[in-house]
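As a plain string of letters, each chain reads:
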Amino acid sequence: QVQLVESGGGLVQAGGSLRLSCAASGSFYSINSMGWYRQAPGNQRELVAFITSGGSTNYADSVKGRFTISRDNAKKTVYLQMNSLKPEDTAVYYCASKGVRTITKVLGDYWGQGTQVTVSS
């Protein structure tokens, strides 16, 4: 099993910044990509950003230019720097790992428990 633990969520005023962290642990060789999703109450979970093992990134249009995803492979940690936060960014943010592998086989995909981000206007 792979465990993902998120941290860094909290309450911030509009225009402020937060930095989320997600640390992966367990027995695995590599993770093809890691990303951040978010879900507000009553809404579907949506992709915020993801990053591949090679450093390629992709962002939702709603956060592009404000959020930056990064990955430290040595620490097995992915980060989400969130700047210029807006009230509509309020949600539970989930870390996800895609294509987790041992040296011989694919293990699958895993999700963290989520961390709450609340942006007040």
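How each quantity is defined
Throughout this document, residue positions are counted from 1 along each chain, in the order its sequence is written. Where totals are concerned, whole chains, interfaces and linings use all residues; where local detail is concerned, this predicted model gives features only for residues with pLDDT of at least 70, and gives and counts side-chain atom pairs only at 80 or more. Hydrogens and water molecules were not included; the side-chain quantities draw on all heavy atoms of the structure. Helix and strand assignments come from DSSP, with helices taken as H or I runs of at least 4 residues and strands as E runs of at least 2, each series counted from the N terminus. Radius of gyration means the value over C-alpha atoms here, while the globule rule gives 2.2 Å times the residue count to the 0.38 power. Only protein chains enter the area calculation, which uses a 1.4 Å probe; residues under 20% of their type maximum are buried, those over 50% are exposed, and those in between are partly exposed. The contact rule is simple, with two residues in contact once any of their heavy atoms fall within 4.5 Å. Method for areas: the Shrake-Rupley scheme with a 1.4 Å probe, in which residue coverage is limited to the protein chains shown. For two strands to count as paired, DSSP must find a minimum of two bridges between them. Here the nonpolar core consists of buried residues drawn from Ala, Val, Leu, Ile, Met, Phe, Trp, Tyr and Cys, with membership extended through side-chain atoms lying within 4.5 Å. Axes here mean lines fitted to C-alpha atoms, for a helix over just the part in contact, with angles spanning 0 to 180 degrees between N-to-C directions.

A. Structural view of the overall build of the protein chain. Regarding its fold elements, the protein chain presents zero helices and 11 strands. Secondary structure elements of the protein chain occur, N-terminal to C-terminal, as β-β-β-β-β-β-β-β-β-β-β. Relative to a compact globule of 121 residues, whose C-alpha radius of gyration would be 14 Å, the protein chain shows 14 Å and is just as compact. Dimensions along the principal axes, computed over C-alpha positions, put the protein chain at roughly 50 × 25 × 20 Å. Taken over 121 residues, the protein chain has a buried fraction of 40%. In the protein chain, once contacts between residues fewer than 6 apart in sequence are set aside, the share between residues at least 24 apart is 56%. Carbon and sulfur atoms provide 46% of the accessible area of the protein chain, an area that totals close to 6,500 Å².

B. Spatial organisation of the pairing of strand S3 (residues 18-26). Note: strand S1 (residues 2-7) against S3, six bridges, orientation antiparallel. Paired with Gln-3 across the two strands is Ser-25, which belongs to S3.

C. Representation of the nonpolar core in the model. Membership of the largest hydrophobic core comes to 30 residues, with the highest contact counts inside it found for Trp-36, Leu-80, Met-82 and Tyr-93. If you list the elements that add at least two residues to this core, you get S1, S3, strand S4 (30-39), strand S5 (46-52), strand S7 (67-72), strand S8 (77-82), strand S9 (91-101) and strand S11 (115-120). Excluding residues that lie within four positions of it along the chain, Tyr-93 makes contacts with Glu-6, Leu-20, Trp-36, Tyr-37, Arg-38, Val-48, Phe-67, Leu-80, Met-82, Gly-114, Thr-115 and Val-117.

D. A look at the pairing of S8. Most of S8 is tucked away: five of the six residues are buried. Of the strand pairs in this sheet, S3 and S8 are connected by six bridges, and their pairing is antiparallel. Bridge pairing in S8 places Ala-23 opposite Thr-77. One ladder, built from six bridges, connects S7 with S8; its direction is antiparallel. Paired with Ser-70 across the bridge in S8 is Tyr-79. Hairpin connection from S7 to S8: four residues lie between these consecutive antiparallel strands, with Lys-76 at a positive phi of about 55 degrees.

E. Layout of the sheet that holds S7. Strand order in the open sheet formed by four strands is S1-S3-S8-S7, and the pairing between neighbours is antiparallel. The strands lining the two open edges of the sheet, one partner per strand, are S1 and S7. Strand-to-strand twist of the sheet, defined as the mean angle between neighbouring strand axes without regard to direction, takes the value 15 degrees.

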